[in-house]
Amino acid sequence: MSDTPFGFGLPPEEPEDGDEGKKKERSGGGQGPGNPFGFGGLPGAGGFGGPGADNPLAAMFGSLNPTDLGAAFQQLGQMLSYEGGPVNWDMAKQIARQTVSQGTPDGVKDASVGPAERSAVQEAVRLANLWLDDATSLPSGAASAVAWSRAEWVEATLPAWQELVDPVAERVGAAMGDVLPEEMQAMAGPLIGMMRSMGGAMFGTQIGQAVGVLAGEVVGSTDIGLPLGPAGRSALLPANVEAFGKDLGVPREEVRLYLALREAAHQRLFAHVPWLRSHLFGAVDGYARGIKVDTAKLEDVVGQFDPQNPEQLQDALQQGMFQPEDTPEQKAALARLETALALVEGWVDAVVHAAAKPRLSSADALRETLRRRRATGGPAEQTFATLIGLELRPRRLRDASRLWASLTDARGVDGRDALWHHPDMLPTATDLDDPDGFVHREQLDFSELDKMLGEAADRPGPRKEDDGEPEDDGTQ
């Protein structure tokens, strides 16, 4: 787990075009753990201090010239006047779109999706669902298939990001407001309001940047193991699918079809396991409740804060002001999220492999490519490390995939998928350490238990006699 709850560092794939002087001139700033908000490491950001200056405004203003100053200060005024929630999502959207428009490190720019690409994606998802019918008992989970550009992916997934990130940012913001005694909060009201506005802008900048970078890598709406897009809609990003398959030596159609299988499998799981989405998002919220703030450090910052020196607040944030509590509840929330994500990804891996192996000669190669991508820190791992400090361990994913495959051999497709009927039937983190033990263990049939409870609830209660005692009709 990273040192700060949001991770506050950029993924290593951050574009560096046009920013060569940054590495030479910055001292102590930039991306990574030393710079929790990562303001010095935005693609093409110059800022007031010239190229590469560690300036919290550089992410928003970019390389300024004198003619841009008016617009820059207008945007600064908008930032300081923000009075919304814990994250400035308008700014997050703006930064994400700006990051997308700059293209990926390999020079590929975003582009609108043409009719031919849309048709190819729809056909791939249609065929994927036919193949999955033989590999899982869960029916199709999407009513439509769409092809998105990177900008369209940003627009479509921002509501889910808001649901994920707001609990963490809100907990941090509340802790900041609770530092001063109540009698002093009225006196310091304007200062606290300014700090909250800047905090919302900083969170918005960081989230927008992370989402923008991620948009250049994801191939669908479920890459990170969560349903980020609208319900009932399978989505692929043709430009990123093309980049994923480059240099693999696999026909483009097979790459697209294999990734469509993964997208369609995710959609089936989230559509037909109604409690799963709230289970995952609830684990994030549980994590947020365990965040605490170094009050002594924050009190010092509040007492010495200079409104003309906004970098001071960023410097304080860089010093690890926000820390997750090392409590059993916090550990349990992280373990619950990690295990659930591993089970989701492991099930998808096992089901897709079962569907693709007999039909695609490249199935093994594509499966291994995705596993290596995950093991070396793919989009899922980077995003969770950035947003909530969770480093999803590849070993958990491999163990989960092996467990689901073993369950298929031992109980069949229906017996394996029946475990999704109730959260208490799923394997635990301990079970992932001993998959064979779980496979051969007797499982409670919660469907029968629910049926019995329902019948008991519908059955009329015992009749009362005059003395208040239930009548003995010989059936009790």
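Rules of the game
Residues numbered from 1 in each chain as written. Predicted model: local features only at pLDDT ≥ 70, side-chain atom pairs only at ≥ 80, totals over all residues. Heavy atoms only, no water. Helix = DSSP H or I, 4+ residues; strand = E, 2+ residues; numbered from the N terminus. Buried < 20%, exposed > 50% of the residue type's maximum accessible area, 1.4 Å probe, protein only. Contact = heavy atoms within 4.5 Å. Areas by Shrake-Rupley, 256 points an atom, 1.4 Å probe, with all protein chains shown as cover. Core = buried A, V, L, I, M, F, W, Y, C linked by side-chain atoms within 4.5 Å. Expected span 1.5 Å × (residues − 1). Axes fitted to C-alpha atoms, helices over the stretch in contact; angles between N-to-C directions. Left-handed = near helix turned anticlockwise from the far one by under 90°. Nonpolar A, V, L, I, M, F, W, Y, C, P; charged D, E, K, R; others polar. Salt bridge = Lys/Arg side-chain N within 4 Å of Asp/Glu carboxyl O.

Caption draft 1: Inspection of the overall build of the protein at higher detail. Across its full length, the protein carries 20 helices and four strands. Burial analysis of the protein (476 residues in total) assigns 52% to the buried set. Put simply, of all contacts in the protein between residues at least 6 apart along the chain, 78% involve residues at least 24 apart. Summing over all exposed atoms, the protein offers an accessible surface of approximately 21700 Å²; the carbon and sulfur share of this is 51%.

Caption draft 2: Representation of the side chain of Arg 416 in the model. Relative to the elements of secondary structure, Arg 416 occurs in helix H17 (residues 394-417). Relative accessible area serves as the criterion here: at 2%, Arg 416 is assigned to the buried category. The contacts of Arg 416, once residues within four sequence positions are left out, are Ala 135, Thr 136, Trp 347, Val 351, Trp 404, Leu 407, Thr 408 and Arg 411.

Caption draft 3: Representation of the nonpolar core. The biggest cluster of nonpolar side chains holds 90 residues, and the ones touching the most others in it are Trp 153, Trp 161, Leu 276, Leu 280, Trp 347, Trp 404 and Trp 420. A per-element tally of this core places helix H14 (residues 328-356) first, with 13 residues. Non-local contacts of Trp 404, meaning those with residues more than four positions away in its chain, are made with Leu 343, Gly 346, Trp 347, Ala 350, Arg 416, Leu 419, Trp 420 and Leu 426.

Caption draft 4: Summary view of H14. Taking 1.5 Å of rise per residue, the 29 residues of H14 would be expected to cover 42 Å, and the 41 Å separating its terminal C-alpha atoms lies within 8% of that figure. Most of H14 is tucked away: 22 of the 29 residues are buried.

Caption draft 5: Spotlight on unusual backbone geometry. We note that Asp 247 has phi near 70°; this positive angle belongs to a residue other than glycine. Topologically, Asp 247 is positioned in the loop between helix H9 (238-245) and helix H10 (252-272).

Caption draft 6: Representation of the environment of Asp 431 in the model. Mapping Asp 431 onto the fold places it in helix H18 (residues 429-433). For Asp 431, a relative accessible area of 8% gives the class buried. Along the primary structure Asp 431 and Ala 400 are separated by 31 residues, whereas in three dimensions their C-alpha atoms are 9.1 Å apart. Contact partners of Asp 431, with chain neighbours within four places excluded, come to Leu 403, Leu 426, Phe 438 and Arg 441.

Caption draft 7: Molecular detail of the packing of helix H5 (residues 115-132) against H10. Axis separation between H5 and H10 bottoms out at 8 Å; the angle between their running directions is 65°. The two elements H5 and H10 meet at a crossing, and its hand is right-handed. Here H5 contributes Ala 120, Val 121, Ala 124, Val 125, Leu 127, Ala 128, Asn 129, Trp 131 and Leu 132 to the contact with H10, which in turn contributes Arg 256, Leu 257, Ala 260, Leu 261, Ala 264, Ala 265 and Arg 268. Across the contact of H5 with H10, the residue classes break down as 13 nonpolar, one polar and two charged.

Caption draft 8: Broad picture of the pattern of salt bridges. According to the stated counting rule, one finds 16 salt bridges in the structure shown. A salt bridge links Arg 97 to Glu 155; its shortest N-O distance comes to 2.6 Å. With a gap of 58 residues between them, Arg 97 in helix H4 (residues 89-101) and Glu 155 in helix H6 (residues 150-177) connect regions that are remote in the sequence. With a shortest N-O distance of 2.8 Å, Asp 133 and Arg 268 are connected by a salt bridge. Separated by 135 residues along the polypeptide, Asp 133 in the loop between H5 and strand S1 (144-147) and Arg 268 in helix H10 bring together distant segments of the chain. The exposure class assigned to Asp 133 is partly exposed, which follows from its relative accessible area of 43%. The exposure class of Arg 268 is buried, given its relative accessible area of 1%. Residues joined in a network through salt bridges with shared partners are Lys 93, Arg 97 and Glu 155.

The values reported here are purely geometric and, on their own, carry no functional implication.
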